[in-house]
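Letter by letter, the chains look like this.
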Amino acid sequence: MGFKVAVVGATGNVGREMLNILDEREFPADEVVAIASRKSQGTEVSYGDATLKVKALEHYDFSDVDICLMSAGGAVSKEWSPKIAAQGAIVIDNSSAWRYDADVPLIVPEVNADAVASFRKKNIIANPNCSTAQLVVALKPLHDRARIKRVVVATYQSVSGAGKDAMEELFSQTKAVYQIDQIEPKKFTKRIAFNVIPHIDVFMEDGYTKEEWKMVAETKKILDPKIKLTATCVRVPVFVSHSEAVNVEFEEPISAEEARDILRSAPGCLVIDKRENGGYVTPYEAAGEDATYVSRIREDATVENGLQMWVVSDNLRKGAALNAVQIAECLVNRKLIEAKRKAA
Ligand SMILES: NC(=O)c1ccc[n+]([C@@H]2O[C@H](COP(=O)([O-])OP(=O)(O)OC[C@H]3O[C@@H](n4cnc5c(N)ncnc54)[C@H](OP(=O)(O)O)[C@@H]3O)[C@@H](O)[C@H]2O)c1
């Protein structure tokens, strides 16, 4: 028998993508359950050719669930993940609620799959922030070859990273611009249509935002605590896929040519890097794809052993749903989990 998988947040951007990816990758599930808030109870979501009726989280009994993919936000996860885990389901959580807990592994399978083995302490595994996931996929193979000292990154993050209401806000504001209607920011602090906003998540005492802090803390936890990183995270009027301009300083010399070759054979990476018009990837092309695309790889002569590159990936897939399903696959492939109904 296969596994019973629950998707909590199934009506959201990430949850819907989780259902698509479970089906696309033929995850060995006997049963998939869609769960959301009480207001969505009874509504329908697609899972392959099937239609699932959404169930309400507060009434759901997880005792025969093997894997729970959570994408319902930090507050819901803080309250519910321990309760679900206590019922014996392994929670793979997309929010930031558990990422920095020393007893919870924070996993990007292409980078630190071995760390997943410690999940039993809380029965919770954390998925990183979308901007960190694609960054570490591109950094890991270069770090293995030349040891990264410092990273300076500027992100160009799509509105889908802020949920379905944020996508609706970009859509309605764009329409309003053409119809010369009133534009009222709700989800974002300023107008997002035809604009960019250098502010994601809350401000911290040192002037950085929490989104920028997350990239620092998560890169250290997933890849190497010795790596220094500084980030500027920016919201841009793009629906799906985050882009990143990444400057890396290494301990050892590494040429652009060598970096290109290493990234060409690195798991999860696809190099599109022709020095000609259109010889690079843009967020529009990465949407709906699984790869972390790397373009514009070049040497930075202003520092010793420096490289500059452009990294783009679908934030709903590698940045969230795909990574979560890959973690579940890791548990199955490494035989770290057994289907409850088979074991019974
Ligand atoms: N979007 C990304 O790129 C991305 C990347 C990495 C991580 N994440 C994280 O993934 C999570 C979900 O993001 P999203 O973009 O999918 O958000 P979203 O589109 O706003 O969807 C939120 C989902 O959570 C459900 N939900 C809200 N409150 C709930 C409650 N009290 N009980 C049960 N379900 C509840 C919603 O159900 P209803 O429809 O019933 O309200 C909906 O299914 C967040 O923690 C986010 O930080 C997102």
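As a convention, each chain's residues are numbered from 1 in the sequence order in which they are written. Local features in this predicted model are restricted to residues of pLDDT 70 or higher, and side-chain atom pairs are both shown and tallied only at a pLDDT of 80 or more, whereas totals for entire chains, interfaces and linings draw on every residue. Derived side-chain values reflect all non-hydrogen atoms in the structure, with water molecules and hydrogen atoms excluded from consideration.

## Details of the overall build of the protein chain
Rules: Put simply, DSSP marks the helices as runs of H or I at least four residues long and the strands as runs of E at least two long, and each gets a number from the N terminus on. Radius of gyration means the value over C-alpha atoms here, while the globule rule gives 2.2 Å times the residue count to the 0.38 power. Think of it in three bands: with a 1.4 Å probe and only protein chains considered, a residue is buried below 20% of the maximum accessible area for its type, exposed above 50%, and partly exposed in between.
Regarding its fold elements, the protein chain presents 10 helices and 14 strands. Taking 2.2 N^0.38 as the reference for a compact globule, 344 residues should give roughly 20 Å; the C-alpha atoms of the protein chain span a radius of gyration of 20 Å, in line with that estimate. Dimensions along the principal axes, computed over C-alpha positions, put the protein chain at roughly 60 × 55 × 40 Å. Taking all 344 residues of the protein chain together, 54% fall into the buried category.

## Section: the pairing of strand S11 (residues 242-250)
Spelled out, the test is: Strand pairing is assigned whenever DSSP detects at least two bridges linking the two strands.
Of all nine residues making up S11, nine are buried, and the element is well covered by its neighbours. Residues His242, Glu244, Val246, Val248 and Phe250 of S11 are buried on one face, and the alternating residues Ser243, Ala245, Asn247 and Glu249, pointing to the opposite face, are buried as well. The sheet contact formed by S11 and strand S14 (residues 306-313) spans eight bridges and is antiparallel. Bridged to asparagine 247 within S14 is glutamine 308.

## A look at the packing of helix H4 (residues 130-146) against helix H6 (residues 210-222)
The line we're drawing: Here, axes are lines fitted to C-alpha atoms. For helices the fit covers the stretch in contact, and angles between N-to-C directions go from 0 to 180 degrees. When an angle is under 35 degrees it counts as roughly parallel; over 145 it counts as roughly antiparallel; between 65 and 115 it counts as roughly perpendicular; any other value is oblique. Each crossing gets its hand from how the near helix is turned against the far one by less than a right angle, where anticlockwise is left-handed and clockwise is right-handed. Contacts between residues were defined by any pair of non-hydrogen atoms, one from each residue, lying within 4.5 Å.
The contact between H4 and H6 brings their axes to 9 Å, and the two run at 40°. The pairing of H4 with H6 is recorded here as oblique in orientation. Where H4 crosses over H6, the handedness of that crossing is right-handed. Of the residues in H6, those touching H4 at Ser131, Thr132, Leu135 and Val136 are Glu211, Lys214, Met215, Glu218, Thr219 and Ile222.

## With respect to helix H9 (residues 317-333)
Here is the rule: The span expected for a helix works out to 1.5 Å for each residue beyond the first. For a residue, the bend is simply the angle between two axes, fitted respectively to the seven-residue segment ending there and the seven-residue segment starting there.
For H9, spanning 17 residues, the distance from its first C-alpha to its last is only 20 Å, which falls clearly below the expected 24 Å at 1.5 Å a residue. The principal kink in H9, of about 40°, is found at asparagine 323. Counting buried residues along H9, 16 of its 17 residues qualify, which places the element largely inside the surrounding structure. At the exit of H9 stands lysine 335, carrying a positive phi of roughly 55°.

## What about the nonpolar core?
Inclusion rule: The definition of a nonpolar core used throughout is a set of buried Ala, Val, Leu, Ile, Met, Phe, Trp, Tyr and Cys residues joined through side-chain atoms within 4.5 Å.
One finds Phe62, Ile84, Leu139, Val151, Val246 and Met309 to be the most contacted residues of the largest nonpolar core, which totals 57 residues. Ranked by residues supplied to this core, first place goes to H4 with seven residues. Phenylalanine 62 has contacts with Ala6, Val8, Ile35, Leu57, Cys68, Ile84, Gln87, Ala89 and Lys340, leaving out every residue within four places of it along the chain.

## A closer look at the site of the ligand
What counts is decided by this rule: Consider each residue's heavy atoms; a residue with any of them within 4 Å of a molecule or strand counts as near. Any N or O atom pair separated by 3.5 Å or less is treated as a polar contact, with the protein-specific requirement of one donor-capable and one acceptor-capable atom, and with residues adjacent in sequence counted only for side-chain atom pairs. In short, Shrake-Rupley with a 1.4 Å probe defines the accessible areas, and a residue's cover is counted only from the protein chains shown. When residues are sorted by character, Ala, Val, Leu, Ile, Met, Phe, Trp, Tyr, Cys and Pro go into the nonpolar class, Asp, Glu, Lys and Arg into the charged class, and all the rest, Gly among them, into the polar class.
The immediate surroundings of the ligand are formed by 26 residues, with Thr11, Ser37, Lys39, Ser40 and Lys164 found nearest. Backbone polar atom of glycine 9 to an oxygen atom of the ligand: 3.1 Å apart, as the coordinates give it. Contact with the protein chains hides 80% of the accessible area of the ligand, taken as 900 Å² for the molecule alone. Those elements giving two or more residues to the shell around the ligand turn out to be helix H1 (13-24) and H9. Its residues placed into classes, the shell around the ligand shows nine nonpolar, 15 polar and two charged.

## A few points about the sheet that holds strand S7 (residues 90-93)
Ordered in space as S5-S2-S1-S6-S7-S8, the six strands form an open sheet in which the pairing is parallel. Edge positions in the sheet fall to strand S5 (55-56) and strand S8 (124-126), since each of these pairs with one other strand and no more. Sheet topology places strand S6 (residues 67-70) next to S7; four bridges connect them, and they run parallel. In the strand pairing of S7, isoleucine 67 is matched with isoleucine 90. The sheet contacts of H1 involve strand S1 (3-8), strand S2 (29-36) and S6, and relative to S1 the element is tilted by about 155°. Running at roughly 150° to S7, H9 makes contact with S1, S6, S7 and S8 of the sheet.

## A look at the pattern of salt bridges
Counted only if it meets this: By definition, a salt bridge exists where a carboxyl oxygen of Asp or Glu is found within 4 Å of a side-chain nitrogen of Lys or Arg.
Applying the stated criterion across every chain yields a total of 23 salt bridges. Residues glutamate 58 and arginine 38 are paired through a salt bridge, measuring 2.8 Å at the closest nitrogen-oxygen approach. In this pair, glutamate 58 sits in the loop between S5 and S6 while arginine 38 sits in the loop between S2 and strand S3 (44-47), placing the two residues 20 residues apart along the sequence. For the salt bridge of glutamate 44 with lysine 53, the shortest nitrogen-to-oxygen distance reads 3.1 Å. Here the salt bridges do not stand alone but share partners, grouping Glu17, Glu24, Arg25, Asp290, Arg317 and Glu329 into one network.

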